[in-house]
Amino acid sequence: MTAPAVEAADQDLRQSVAELALECDGKPLDGGSIGYADGLAEVQPTPSAALGNMLDLATTPWPQLPIRGYRQERRDQHRALLSFDVDARTRIAVVLVDGLTDYLDNEG
């Protein structure tokens, strides 16, 4: 597969994992991703720091999401699942992956 095809497949997998973690009655919204290569974000040392960086940016595509209150549900070697719960039910799920390179050529 070409690099864009791999990236698209990886995005689909992250979206599927996040959707499975949700405990909602309605249809989940497609969250998308943030561009590390185009200067919109910088890689961070931990999943929590990466999520905070994504949500704290002036250009975040998700200004309606809470900035704090997420917990790490799972983490393996290359990705982590963070969630935000309301009344003990997961309402927001985010999958963060490792191995990305940002616009400063930092990898994280």
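Along each chain, residue indices are assigned from 1 in the same order as the chain's sequence is written. Totals for whole chains, interfaces and linings use all residues, but because this is a predicted model, local features are given only for residues with pLDDT of at least 70 and pairs of side-chain atoms are given and counted only at 80 or more. Processing note: side-chain calculations cover all non-hydrogen atoms of the structure and skip hydrogens and water entirely.

Draft legend 1. Structural view of the packing of aromatic side chains. Centres within 6.5 Å make a pair out of two Phe, Tyr or Trp rings, where for Trp the six-membered ring is used; the pair is then stacked when the planes are under 30 degrees apart, edge-to-face when over 60, and tilted otherwise. With the rule as written, the count across this model stands at one aromatic pair. Seen from their ring centres, tyrosine 70 and phenylalanine 84 are 5.3 Å apart, and the 55 degrees between their planes marks the pair as tilted. Of the two residues, tyrosine 70 sits in the loop between helix H2 (47–56) and strand E1 (71–75) while phenylalanine 84 sits in strand E2 (residues 79–86), which places them 14 residues apart along the sequence. Counting from the N terminus, the helices are the DSSP runs of H or I reaching at least four residues and the strands are the DSSP runs of E reaching at least two.

Draft legend 2. Structural detail: the sheet that holds E1. Strand order across the open sheet formed by three strands is E1-E2-E3, with antiparallel pairing between neighbours. A strand with exactly one partner marks an edge of an open sheet, and here the two such strands are E1 and strand E3 (89–97). On average, adjacent strands in this sheet sit at an angle of 25 degrees to one another, irrespective of strand direction. Taken together, the eight bridges between E2 and E3 define a ladder with antiparallel strand orientation. Opposite phenylalanine 84, over in E3, you have isoleucine 92 as the bridge partner. By this definition, two strands are paired if DSSP reports at least two bridges between them. Think of each axis as a best-fit line through the C-alpha atoms, taken over the contacting stretch in the case of a helix, with angles from 0 to 180 degrees between the N-to-C directions.

Draft legend 3. Quick peek at the nonpolar core. Remark: nonpolar core denotes a set of buried residues (Ala, Val, Leu, Ile, Met, Phe, Trp, Tyr, Cys) joined through side-chain atoms within 4.5 Å. For every residue, the accessible area obtained with a 1.4 Å probe (protein chains only) is divided by the maximum for its type, and the residue is called buried under 20%, exposed over 50%, and partly exposed between those limits. Membership of the largest hydrophobic core comes to 16 residues, with the highest contact counts inside it found for Ile34, Tyr36, Leu51, Met54, Tyr70, Leu82 and Leu96. Breaking this core down by element, the ones donating at least two residues are H2, E2 and E3. In terms of residues, this core owes the most to one element, H2, which gives four residues. Contact definition: two residues touch when any of their heavy atoms are within 4.5 Å. Excluding its chain neighbours within four sequence positions, the residues that come into contact with methionine 54 are Ile34, Tyr36, Thr60, Trp62 and Leu96. With five residues, the next largest nonpolar core counts Ala18, Ala21, Leu81 and Ala93 among its residues.

Draft legend 4. Summary view of the side chain of aspartate 102. Structurally, the position occupied by aspartate 102 is in the segment after E3. Of the polar contacts made by the side chain of aspartate 102, one reaches the backbone nitrogen of valine 43; its length is 3.0 Å. Counted as a polar contact is a pair of N or O atoms within 3.5 Å, where, for protein atoms, one must be capable of donating a hydrogen and the other of accepting one, and residues adjacent in sequence contribute only when both atoms are in side chains.

Draft legend 5. Inspection of the confidence of the model for the chain at higher detail. Each residue carries a pLDDT score, the predictor's confidence in it, ranging from 0 to 100. Averaged over all residues, the pLDDT of the chain equals 77, while 76% of them reach at least 70. The secondary-structure element of the chain with the lowest mean pLDDT is helix H1 (residues 3–21), recorded at 57, while E1 shows the highest, at 91. Below pLDDT 50 for its whole length, residues 1–9 participates in two contacts with residues either more than four positions away or in separate chains.

Draft legend 6. Layout of unusual backbone geometry. Backbone geometry at alanine 88 places phi at a positive 65 degrees, although glycine is not the residue there. Mapped onto the secondary structure, alanine 88 falls in the loop between E2 and E3. In the Ramachandran plot, aspartate 105 falls in the positive-phi region, its phi being about 65 degrees despite a non-glycine side chain. A relative accessible area of 66% places aspartate 105 in the exposed class.

Draft legend 7. The arrangement of the pattern of salt bridges in detail. Within this document, salt bridges are pairs made up of a side-chain nitrogen of Lys or Arg and a carboxyl oxygen of Asp or Glu, the two lying within 4 Å of each other. Under the counting rule described, the total for this entry stands at three salt bridges. One salt bridge connects glutamate 73 with arginine 71, and the closest N-O pair in it is separated by 3.7 Å. By relative accessible area, glutamate 73 is classed as partly exposed at 27%. We note a salt bridge from aspartate 76 to arginine 79, for which the minimum N-O separation is 3.6 Å.

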